[in-house]
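Results of the structural survey
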Number of protein chains: 2
Amino acid sequence: MPAPKPRDAVAIAGPLGIIAGRGPLPCVLAESAEARGLPLHIVGIRGETREEIERFPHTWTRWGELGKLLAALDDHGCRDIVIIGGVDRPDFTKMRFDFGAIRNLPYIAGLRSGGDDHVLSRVVRFFEGKGYRVHGADDVAPELLAGVGPLGDRVPSAEDSADIDMAFQVVRALGRFDVGQAAVVANGHVLAVEAAEGTDAMLLRCAELRRTGRAGRSGRGVIVKAPKPGQERRVDLPTIGAETLNKAAEAGLAGVAVAAGRVLMAEPAATVAAANKLGLFLVGHTLADDAKGDATKPG
Amino acid sequence: MPAPKPRDAVAIAGPLGIIAGRGPLPCVLAESAEARGLPLHIVGIRGETREEIERFPHTWTRWGELGKLLAALDDHGCRDIVIIGGVDRPDFTKMRFDFGAIRNLPYIAGLRSGGDDHVLSRVVRFFEGKGYRVHGADDVAPELLAGVGPLGDRVPSAEDSADIDMAFQVVRALGRFDVGQAAVVANGHVLAVEAAEGTDAMLLRCAELRRTGRAGRSGRGVIVKAPKPGQERRVDLPTIGAETLNKAAEAGLAGVAVAAGRVLMAEPAATVAAANKLGLFLVGHTLADDAKGDATKPG
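Residues numbered from 1 in each chain as written. Chains lettered and ligands numbered in written order. Predicted model: local features only at pLDDT ≥ 70, side-chain atom pairs only at ≥ 80, totals over all residues. Heavy atoms only, no water.

1. So, a positive patch on the surface
Residues and elements named next belong to chain A. Residues Arg46, Arg62, Lys68 and Arg96 make up a contiguous surface patch of positive charge. Mapped onto the secondary structure, arginine 96 falls in the loop between strand E4 (80-84) and helix H3 (99-103). Given a relative accessible area of 69%, arginine 96 falls into the exposed group. (Patch = residues over 30% accessible without salt bridge, like charges linked within 9 Å, V, L, I, M, F, W, Y side chains within 5 Å. Areas by Shrake-Rupley, 256 points an atom, 1.4 Å probe, with all protein chains shown as cover. Salt bridge = Lys/Arg side-chain N within 4 Å of Asp/Glu carboxyl O. Lys, Arg positive; Asp, Glu negative; His and termini not counted. Charge placed at Lys NZ, Arg CZ, Asp CG, Glu CD. Helix = DSSP H or I, 4+ residues; strand = E, 2+ residues; numbered from the N terminus. Buried < 20%, exposed > 50% of the residue type's maximum accessible area, 1.4 Å probe, protein only.)

Structure below.
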């Protein structure tokens, strides 16, 4: 099996602005950029972003302080930006808008409806409309993308592979509805499909199904994660991390399969280590759409 | 709009055996059969079936007492049977099998895997293989099937209708995976897709999404319920009741849409009354597959 061709980072000249949501990815990305000698400035959102961004040049904002966010980018000369780390759909009724936000209220109002991808595409267009170049996290740190084939010690069994194929089909069937980056299949039985609740909540539900005897024997079943067709890659690449593996283990699953080259691994080494420690497989699958590219199907 | 042609009950000669799971449907069905002058015998499962079956001729069994179940049917001359009311996927490891179950262990073992419909089709084939005629609840009590058009006082808005159409498409896209009788769509955004957790759990999840501000404005969004394509109608017709309407209201939805003639209403009058009391619409939609039949699309 030929190794997938490593992607090169996109060449970025000026300081990189990182608009940071939840989880470890904003700092992982900042580390990757710093290692490459790229100056950067992180804009965090109180209550969403981890405090560890304070290790880097940063500005804190609150939900609704769009003016402050834009000023922070401009003050630090950031014309290239990355929007990274999920956020909960904010409660607009509790938000206090600053002047910069009020000037952009028609845009903000438009975000209240529609599927995730719909919303995120509009976020990208908003920043592009103001002259920013919006990059994907994988443009800046391609080393975070999941590779092809087994990524840890274990490999899926033939039964696991059948569950993986079915789960990818489920995700694919839902993609045109702008929903569903993930699904859980055990022994040919679809246990859960992700919609607005998110991957962690879906895995907690599977753990509950397992506890109540409705998910069959423990150690069987897989979660797959893949982008939706036409998904706005630059702001919403599906992401897994060590916590995904922990929750998959709590749900009694055999392992995790992701779309190779299309899913980010927050802290790849820690994620693979978690899989090995828990005895779960972690595998990157080439999607049918990608088969014409460099990567080949594992197994 | 022409009224849907009422179906006639299937002619059944001998005593009707009702194998009863959870919820009100076993008794509702027994009442319907009694009103028609049909003798019957209910076999209940302890911990699943409501005690009110004791109003009718009945036998209690426990999970695993398949021999007792078959003997109860035979002792009361039931060759025509209905299997009605959902059961949780039982925990086979905690089951005590009687002799009749042990004789049929290869069949029982086969039930442990596969999707719901897969399992239920095998249950039907098992009883048919023993010479029973297995009827659907709608064969015995066609008056329980949801009709076409608005069933209560309220009607869906244009926006609701768009959400309904999308939700039916989601359910349809998943049907070939033997999963998903229900989905929730609000304002063009898929909030939840039902898999193994069941409709009530899915609606509770939507209520949580609403509470945490991730489901938009209350009073918007619909749940649709429809059978899976090729679903074993005789043992697994999707069902709604007053509780479905209560949970939809708790999730802040605008209403409930079902596939007309393909979804059972447990206690139709109480279900419609609940919709009216809660201010939710309740509507039966003709599926595209059915459009060649008698019913026409509402609105």
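2. Side note on the nonpolar core
Counting residues in hydrophobic clusters, the biggest one holds 104 residues, and the most contacted among them are Val184(A), Val190(A), Ile223(A), Val184(B), Val190(B) and Ile223(B). In contact with Val184(B), not counting residues within four places along its chain, are His189(B), Val190(B), Leu191(B), Ala192(B), Met202(B), Leu203(B), Cys206(B), Val222(B), Ile223(B) and Leu253(B). (Core = buried A, V, L, I, M, F, W, Y, C linked by side-chain atoms within 4.5 Å. Contact = heavy atoms within 4.5 Å.)

3. Considerations on the state of the cysteines
What we call a disulfide is simply a covalent bond connecting the sulfur atoms of a pair of cysteines. Summed over all chains, the structure comprises 0 disulfides over all chains. For Cys206(A), which is in no disulfide, the shortest distance to another cysteine sulfur is to Cys206(B) and amounts to 16 Å. Residue Cys206(A) is classed as buried on the basis of its relative accessible area of 1%. Here Cys27(B) is not cross-linked by a disulfide; its sulfur's nearest cysteine counterpart is in Cys78(B), at 16 Å. (Disulfide = S-S within 2.5 Å.)

4. Considering the pattern of salt bridges
This model, assessed by the stated rule, comprises 24 salt bridges over all chains. When the shortest N-O distance is used, the salt bridge between Arg133(B) and Asp80(B) registers 2.8 Å. Pair noted here: Arg133(B) is in strand E5 (residues 133-135) and Asp80(B) is in strand E4 (residues 80-84), with a separation of 53 residues, a long-range link. Looking at Asp80(B), the relative accessible area reads 4%, which means it is buried. The partner of Asp178(B) in a salt bridge is Lys228(B), and the shortest N-O contact between them spans 3.2 Å. One end of the pair, Asp178(B), is in the loop between helix H7 (158-175) and strand E7 (182-186); the other, Lys228(B), is in the loop between strand E9 (222-225) and helix H9 (233-236), with 50 residues separating them in the sequence. Taking the relative accessible area as the measure of exposure, Asp178(B) reaches 17% and is therefore buried. Connected through salt bridges with shared partners, the residues Glu31(A), Arg50(A), Glu52(A) and Arg55(A) form a single ionic network.

5. Concerning the sheet that holds E4(A)
Paired through their backbone hydrogen bonds, the strands of a sheet run either parallel or antiparallel. Residue and element names in this part refer to chain A. Across the sheet, which stays open at both edges, the 5 strands sit in the order E3-E2-E1-E4-E5 with parallel pairing between neighbours. Either end of the sheet is taken by a strand with one partner, and the two such strands are strand E3 (58-61) and strand E5 (133-135). Recorded for the sheet is a direction-independent mean angle of 25° between the axes of neighbouring strands. Here helix H2 (residues 66-75) sits on the sheet in contact with strand E1 (16-20), strand E2 (40-45), E3 and E4, set at roughly 170° to E3. (Pairing = 2+ DSSP bridges. Axes fitted to C-alpha atoms, helices over the stretch in contact; angles between N-to-C directions.)

6. Topic: the pairing of E7(B)
Residue and element names in this part refer to chain B. The element E7 is extensively covered by neighbouring structure, given that 5 of its 5 residues are classed as buried. In E7, alternate side chains face the same way, and those of Ala182, Val184 and Ala186 on one face and Ala183 and Val185 on the other are all buried. Sheet topology note: the E7/strand E8 (residues 189-193) ladder contains 4 bridges and is antiparallel. Looking across to E8, one finds that valine 185 is bridged to valine 190. Hairpin connection of E7 to E8: 2 residues between the antiparallel strands, including asparagine 187 at a positive phi of 55°.

7. Focus on H2(A)
Inspection of H2(A) places Leu66(A), Gly67(A), Leu69(A), Leu70(A), Ala72(A) and Leu73(A) among the buried residues, and these make up the whole buried set. The positive-phi residue at the C-terminal boundary of H2(A) is Gly77(A), with phi of around 70°.

8. Concerning the packing of helix H8 (residues 199-211) of chain B against helix H10 (residues 242-250) of chain B
Residues and elements named next belong to chain B. Packing of H8 against H10 leaves a shortest axis separation of 8 Å and a crossing angle of 20°. As summarised for this structure, H8 and H10 are arranged roughly parallel, according to the angle between their axes. For the pair H8 and H10, the sense of crossing is left-handed. Residues Asp200, Leu203, Leu204 and Ala207 of H8 form the contact with H10, whose participating residues are Thr244, Lys247, Ala248 and Glu250. Looking at the contact of H8 with H10 residue by residue, the classes come out as 4 nonpolar, 1 polar and 3 charged. (Parallel < 35°, antiparallel > 145°, perpendicular 65-115°, else oblique. Left-handed = near helix turned anticlockwise from the far one by under 90°. Nonpolar A, V, L, I, M, F, W, Y, C, P; charged D, E, K, R; others polar.)

9. Points about the environment of Asp165(B)
Positionally, Asp165(B) belongs in helix H7. Taking the C-alpha atoms as reference, Asp165(B) lies 9.9 Å from Leu287(B); in sequence the two are 122 residues apart.

10. Some remarks on the pairing of strand E7 (residues 182-186) of chain A
Taken together, the 4 bridges between E7(A) and strand E9 (residues 222-225) of chain A define a ladder with antiparallel strand orientation. The partner of Ala183(A) across the bridge, within E9(A), is Val224(A).

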